[in-house]
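# Chain and residue survey
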Amino acid sequence: MAILEIKNLQAHFHTRKGIVKAVNGISYSLEPGQTLGIVGESGSGKSVSQLSYLRLLPSPPLRIPQGQVLYRGQDLLTLPEDKLRAIRGHKISMIFQEPMTSLNPYLTIGSQLIEPLMIHLGQSKKVAWKEACDALTRVGIGEADKAMKSYPHEFSGGMRQRVMIAMALTTRPEVLIADEPTTALDVTVQAQILELLKKLQKETGMAILLITHDLGVIAGMADKVVVMYAGRVFEEGPVETLFEKSAHPYTKALLKSTPRMDQLQEQIPVIGGTIPDLSQLSSGCPFYDRCSYKKDICQETFPLERKLSSSHHTFCHVEEL
Amino acid sequence: MAHMNLLKVENLKVHYPIRTGFINLGEKKFLKAVDGVSFELNSGEVLGLVGESGCGKSSLGKALLRLQEPTSGSIHLSGNDFMGIKGEALRKIRPQIQMIFQDPYASLNPRMTIEATLREPLEAHGLCDSSEGNKLVQQVLDRVGISPKALQKYPHEFSGGQRQRIAIARALVLKPKIIVADEPVSSLDVSVQAQVLNLLKEIQREFKLSMIFISHNLSVVKYIADRIAVMYLGKIVETADRTDIFKNPQHPYTQALISAVPIPDPKIEKMRKRIELKGELPSAVTPPTGCTFHTRCPIAKESCKKDSPQLENFGTSNWQVSCFEVKSRPSP
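In this text the structure is predicted, and so the values were computed from the model without any measurement. (Residues numbered from 1 in each chain as written. Chains lettered and ligands numbered in written order. Predicted model: local features only at pLDDT ≥ 70, side-chain atom pairs only at ≥ 80, totals over all residues.)

With that settled, consider the overall build of chain A. Counting its regular elements, chain A contains eleven helices and 13 strands. The C-alpha atoms of chain A give 21 Å as radius of gyration, which agrees with the globular expectation for 321 residues (20 Å, within 12%). Principal-axis analysis of the C-alpha atoms gives chain A an extent of 65 × 50 × 40 Å. Burial analysis of chain A (321 residues in total) assigns 48% to the buried set. (Helix = DSSP H or I, 4+ residues; strand = E, 2+ residues; numbered from the N terminus. Rg over C-alpha atoms; globule rule 2.2 N^0.38 Å. Buried ≥ 20, exposed ≤ 12 C-beta atoms within 10 Å, placed from the backbone.)

Following this line, the structure appears as structure tokens:
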């Protein structure tokens, strides 16, 4: 059974300039032990969709007109705040893109690490301290005792991201939401962090929801992939299927327009135009203007889900690409 | 004079003085951002400068334009000394070498219209009689794919990709021979990144420009550059043609760097072996003795801690590696 299931979720921002439909009816699910990759460019709604149901965005302006987010069968959207708080940061943890800004510069690493343990697991300071030290060792930080007494600025970006991972994992979460966890890091450090995430997943059996714009990272990490664009899911499928037999024009174009180190490319095919204004979306497909396969119907209605196999489906009117 | 390089850089150093403590007593310390870099750039060639944060690639880029005054070394532009000149002589040469920056949100003045932005370099260099200037500004804007209606608009009215096109137009308006592009597509989304990359490539060919393309993204550099130089801690550790360096990297750092780049293909990605580097990038204030890479090198020997290797030819004249363990390839 899925551990996290998102059903027809919408997240809209009510601003002075109108309603910005950041997430516009998306559905997917996450199985235990699985890594689900969510790919999309800026403004596709990949981060907002997570932050919205975890109530990490101010509301207003955020409103969730409809949808369900089921964690072990209970709907996180209707849960009272205290119940949600018992899950968020405990059973569902998050690591963010910028390890520079997501740690508190005024507090030692130690005091930030023991906080979730004391709050969620009710541990004493002494026990929590020891657990936190173990967690730091697990993520590859030597001299954990010394590190616990240090401040974030004393660490490099890669080390801070290790601290974030340690913090997210101390409570033994079932779901880890990693939002662009390596985007701010150098490639050699990125390789270390991704390797670490894989290793920890094997040890703990947690599910990872990996949000990234980097198709290379997705290829190496994900079991299943969801492609998002302008607040919609365009395609979902197992990672190999999606890269080899992508059934959506956007996925295809995205793959082609990515420069590849293992090939000698003379010209990269581009996707013309830019993403649409999310406050002025039509009822049709938001990719219409940029799509090279478009038909008349695409302008009028957003397509229904079309199944290509039991695990692969797409949202596109065009069947032959 | 026989063959002459468009740009020749010798033993260039950029050292930033740093403050130590409350009162500066004792020895002055320096952060050695660029520490003895030499290379040549031919006319029409694109050199990709790669390396991770803190390797000195951006400092080198700025030093080439003398936006950051180099500490020592020499730069020759078309055979003329570019380092020793100042005042009017320097201003006369400056149009030949122009720069494009990473963040088009920060590099365009928000209070200037696009027209003012594009005319400013022409006026500053006294190249602009007004009707000719108008024509030139419109030409470059058209070339980068921005409609002439944009002239009276302000930067905030454009997307990131469009702004970067405008920044490219600004660099082109002086008809430079060399463009230094520092991470020009790093802040853009994949689909927009491809548009701007293709534009840069077309323009480079059309105007037979030379370009120094600085980036941390090896996939992007492979697409655009003819030759690649890899930097580590202020030094070039390997340089070669793009096909050679990706197929057969020689320096252990280049090998590790290339092995770490993810490839968007799950089948290939699952088969790959990564070379993991130990530890962290050492401080550029007190770089390691000998070969600066020895602290993280998987094949370092005792002697690497004492002696510093130099860039030496490896087979072809275009291929140079700075490592004791790389034996020069026997000529075929």
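The rest of the description comes next.
Now for the sheet that holds strand S1 (residues 7-18) of chain B. Residues and elements named next belong to chain B. Ordered by their spatial adjacency, four strands build an open sheet running S2-S1-S4-S5, and the pairing between neighbours is antiparallel. Each edge of the sheet is formed by a strand with only one pairing partner; in this case those strands are strand S2 (29-41) and strand S5 (80-81). The sheet contact formed by S1 and S2 spans ten bridges and is antiparallel. The residue bridging Leu-7 from the neighbouring strand is Leu-41, located in S2. Most of the contacts of helix H1 (residues 57-64) go to S2, to which it runs at about 65 degrees, and overall it touches S1, S2 and strand S4 (72-77). (Pairing = 2+ DSSP bridges. Contact = placed C-beta atoms within 7 Å. Axes fitted to C-alpha atoms, helices over the stretch in contact; angles between N-to-C directions.)

With 95% of its residues at a pLDDT of 70 or more, chain B shows a mean pLDDT of 90. On the interface metric, ipTM, the complex scores 0.85, and its pTM is 0.89. (pLDDT = per-residue confidence, 0-100.)

Before going further, it helps to spend a moment on the interface of chain B and chain A. Taken together, the contact pairs 36 residues of chain B with 34 residues of chain A. Going through the elements one at a time, helix H6 (190-206), helix H7 (218-224), helix H8 (242-247), helix H9 (252-260) and helix H10 (266-271) of chain B are the ones with two or more residues in the side of chain B that touches chain A. Looking at the side of chain B that touches chain A element by element, the count peaks at seven residues for H6 of chain B. Along the lines of polarity and charge, the residues of the side of chain B that touches chain A split into 18 nonpolar, nine polar and nine charged. (Nonpolar A, V, L, I, M, F, W, Y, C, P; charged D, E, K, R; others polar.)

Here we take up the environment of Ala-222 of chain A. All names here are of chain A. Within the element layout of this structure, Ala-222 appears in the loop between helix H8 (215-221) and strand S10 (224-229). Here the alpha-carbon distance between Ala-222 and Tyr-106, two residues 116 residues apart in the chain, equals 36 Å. Beyond its immediate stretch of four places on either side in the chain, Ala-222 contacts Thr-35, Leu-36, Gly-37, Leu-210 and Val-239.

What follows deals with the pairing of strand S1 (residues 4-15) of chain A. All names here are of chain A. Note: S1 against strand S5 (residues 68-71), four bridges, orientation antiparallel. When the bridges of S5 are listed, Lys-7 appears paired with Gln-68. In textbook terms, the turn of a hairpin is the stretch between consecutive antiparallel strands, and for S1 and strand S2 (residues 18-30) this stretch comprises two residues. Sheet analysis places S1 next to strand S4 (residues 62-63), joined by two bridges and oriented antiparallel. Residue pairing for S4: His-12 is matched across the bridge by Arg-63.

All names here are of chain A. Here helix H3 (residues 109-120) crosses helix H6 (residues 157-169) at 25 degrees, and the two axes come no closer than 8 Å. Taken together, H3 and H6 sit at an angle that is classed as roughly parallel. Contacts between H3 and H6 involve Ile-109, Gln-112, Leu-113 and Pro-116 on the former and, on the latter, Val-163, Ala-166 and Met-167. Classifying every residue of the contact of H3 with H6 gives six nonpolar, one polar and no charged. (Parallel < 35°, antiparallel > 145°, perpendicular 65-115°, else oblique.)

Another point: the nonpolar core. Ranked by internal contacts, the top residues of the largest apolar core, which has 186 residues, are Leu-136, Val-175 and Leu-209 of chain A together with Phe-213 and Val-230 of chain B. The dominant element in this core, judged by the number of residues it contributes, is H6 of chain A, at eight residues. Dropping the residues within four chain positions of it, Val-230 of chain B is found in contact with Val-50, Gly-51, Ile-236, Val-237, Glu-238, His-251, Tyr-253, Thr-254 and Leu-257 of chain B. (Core = buried A, V, L, I, M, F, W, Y, C linked by C-beta atoms within 7 Å.)

Okay, unusual backbone geometry next. Residues and elements named next belong to chain A. The omega angle of the peptide bond from Ser-59 to Pro-60 is -5 degrees, so this bond is cis rather than trans. Inspection of the secondary structure assignment puts Pro-60 in the loop between helix H1 (46-53) and S4. A positive phi angle, near 45 degrees, is found at Glu-180, a position not held by glycine. With respect to the secondary-structure elements, Glu-180 resides in the loop between strand S8 (175-179) and helix H7 (187-204). You can call Glu-180 partly exposed: it has 19 C-beta atoms within 10 Å.

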